[in-house]
Amino acid sequence: MIKPNIYVEKLDAYSITPQDVWSDDAPPDILKIDWNEAPSDLTFYQKELKKIIGKSNLIAWYPDCLSIDLIEAISNFINVRPNFILTFPGSDVGLDTLCRSYLNVGDKVMAICPTYENFFVYVNQMGADLSKLVLEEPFILDYELVANEIESHGELKMFYLANPNNPCGYAVTSEIIEKLAIKFPQTIFVIDEAYIEFTKILSSAPLAEKYSNVVILRSFSKAFGMAGLRLGYMCAPIPLIQTMNKIRNGKNVSMMSQKLGIFAMENFDLVKSWIDEVVFSRKMFQDWCINTDVEFFPSEGNFVLFKASSPFELCKALKAEGIYIRNRDSLLPGYVRITIGSRSQTERLIRTVEKFMNYLVD
Ligand SMILES: Cc1ncc(COP(=O)(O)O)c(C=O)c1O
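Before going into details, it helps to say that this report is about the structure given with it. What you see is a predicted model, and the numbers here were worked out from it, not measured in a lab. Sequence order sets the numbering: in each chain, residues are counted from 1 along the sequence as written. Given that the model is predicted, a residue must reach a pLDDT of at least 70 before its local features are reported, and side-chain atom pairs must reach 80 or more before they are shown or counted; all residues, however, enter totals for whole chains, interfaces and linings.

## Digging into unusual backbone geometry
What counts here: Secondary structure counts use DSSP, requiring at least four H or I residues in a row for a helix and at least two E residues in a row for a strand, with both numbered from the N terminus. Counting other C-beta atoms within 10 Å of a residue's own tells you its class, since 20 or more makes it buried, 12 or fewer makes it exposed, and anything in between is partly exposed; those C-beta atoms are placed from the backbone.
Omega for the peptide link from Cys-113 to Pro-114 comes to -5°, which places this bond in the cis form. Assignment of secondary structure puts Pro-114 in the loop between strand S3 (108-113) and helix H5 (118-124). Cis peptide bonds are those with omega within 30 degrees of zero, and the linkage from Asn-166 to Pro-167 qualifies with 20°. Positionally, Pro-167 belongs in the loop between strand S5 (158-162) and helix H7 (174-183). For Asn-57, which is not glycine, the phi dihedral falls at a positive 65°. Despite not being glycine, Asn-79 shows a phi value in the positive range, around 60°. Assignment of secondary structure puts Asn-79 in the loop between helix H3 (68-78) and strand S2 (85-88). Taking the C-beta count within 10 Å as the criterion, Asn-79 has 11 such neighbours and is therefore assigned exposed.

Right, here's the structure in full:
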């Protein structure tokens, strides 16, 4: 047998989303709220895409590998200088590239958990030594606790925090991240801000310009509703950008994604009205949880984690109604996660869940 890389061999395959939503026979009213995407296309992209498609050679030519116009637009949007920014086909690829560029066998990496577990794959494939700092409910990240844990581990190469956290929904201030970065200058602080647009907490992106050990990941998949186009970026200190550029494949960020990304940032009022709608619906859902005695974690993202007495049965019953949610029971016993969409999508979810209250509360 041909042997794979020994670290890859040890991994379990990541569990993917149900595939039936992609079938041509799938009913048109499927409500896909399992993976924290926008549940349906934001119509302003469809209009813009039609215009973009009319431009020459977007299909035949490789894209602009340096994403020059896109990086300039990102720089204006987040107020970080262009040479501190690197684009990727999704922030996942940014995480992977960072791990491949910086981790060696046996390097110590810590992740605040529960968290977005795809990151573990990128760490483990390098043979690095991952430790999970599991926060207790209600998941408050305390500076002293984290600093003591890092100290007791000896020198950490990398520290990962999803901020806001997926799946629990809490967010951490930039001040705490800055304090940690100053205290541990040899550790790369990887702050995954996939959901930052849904919270009032400020992005830590400016820290990447200020410190040699802070890396911020941003995504167009969540608040921007562009998960299918695969676009994300990283803000990182220049030496790290230079290192990652040695292995980053710029051909992977398509011209459609680059152009739609620029459009989205230049027309942020459109995206903002979607974000406002989600924030409104999130409150509506959380209020419903309060009124019906369903336990949940207040969320700063476009999702809510809530308790079910029978998570598996609840997911199954909702699926039969065309609503796909995520069972998080294996990560946090008794919990399921829903993505928050528009007001009407959330109303449909609530109406449907109300039919199955016996799977929620005992
Ligand atoms: C915390 C976090 N980071 C990154 C991603 C992936 O983002 P992208 O689509 O930009 O690769 C996700 C997707 O669920 C996520 O929850």
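Structure shown, so let's carry the discussion forward.
## A word on the site of the ligand
Note the threshold: For each residue, a C-beta position is placed from the backbone atoms; the residue is near a molecule or strand when that point lies within 6 Å of it. Residue polarity is assigned by list, with Asp, Glu, Lys and Arg as charged and Ala, Val, Leu, Ile, Met, Phe, Trp, Tyr, Cys and Pro as nonpolar; anything else, Gly included, falls into the polar class.
Around the ligand sit 13 residues, and of these Gly-90, Ser-91, Asp-92, Ser-219 and Ser-221 come closest. The residue makeup of the shell around the ligand, split by class, is 4 nonpolar, 7 polar and 2 charged.

## So, the nonpolar core
The condition is simple: Linking buried Ala, Val, Leu, Ile, Met, Phe, Trp, Tyr and Cys residues through C-beta atoms within 7 Å yields a set, and such a set is a nonpolar core. In this document the domain limits rely on a domain assignment from an automatic tool or a database. Contacts here follow a simple rule: the backbone-placed C-beta atoms of the two residues must lie within 7 Å.
With 96 residues, the main nonpolar core has Phe-189, Ala-208 and Val-215 as its most contacted residues. No fewer than three residues from each of domain 1 (6-43 + 269-356) and domain 2 (63-267) sit in this core. What Ala-208 contacts, discounting residues up to four positions off in sequence, is Val-80, Phe-84, Val-214, Val-215, Ile-216, Cys-235, Ala-236 and Pro-237.

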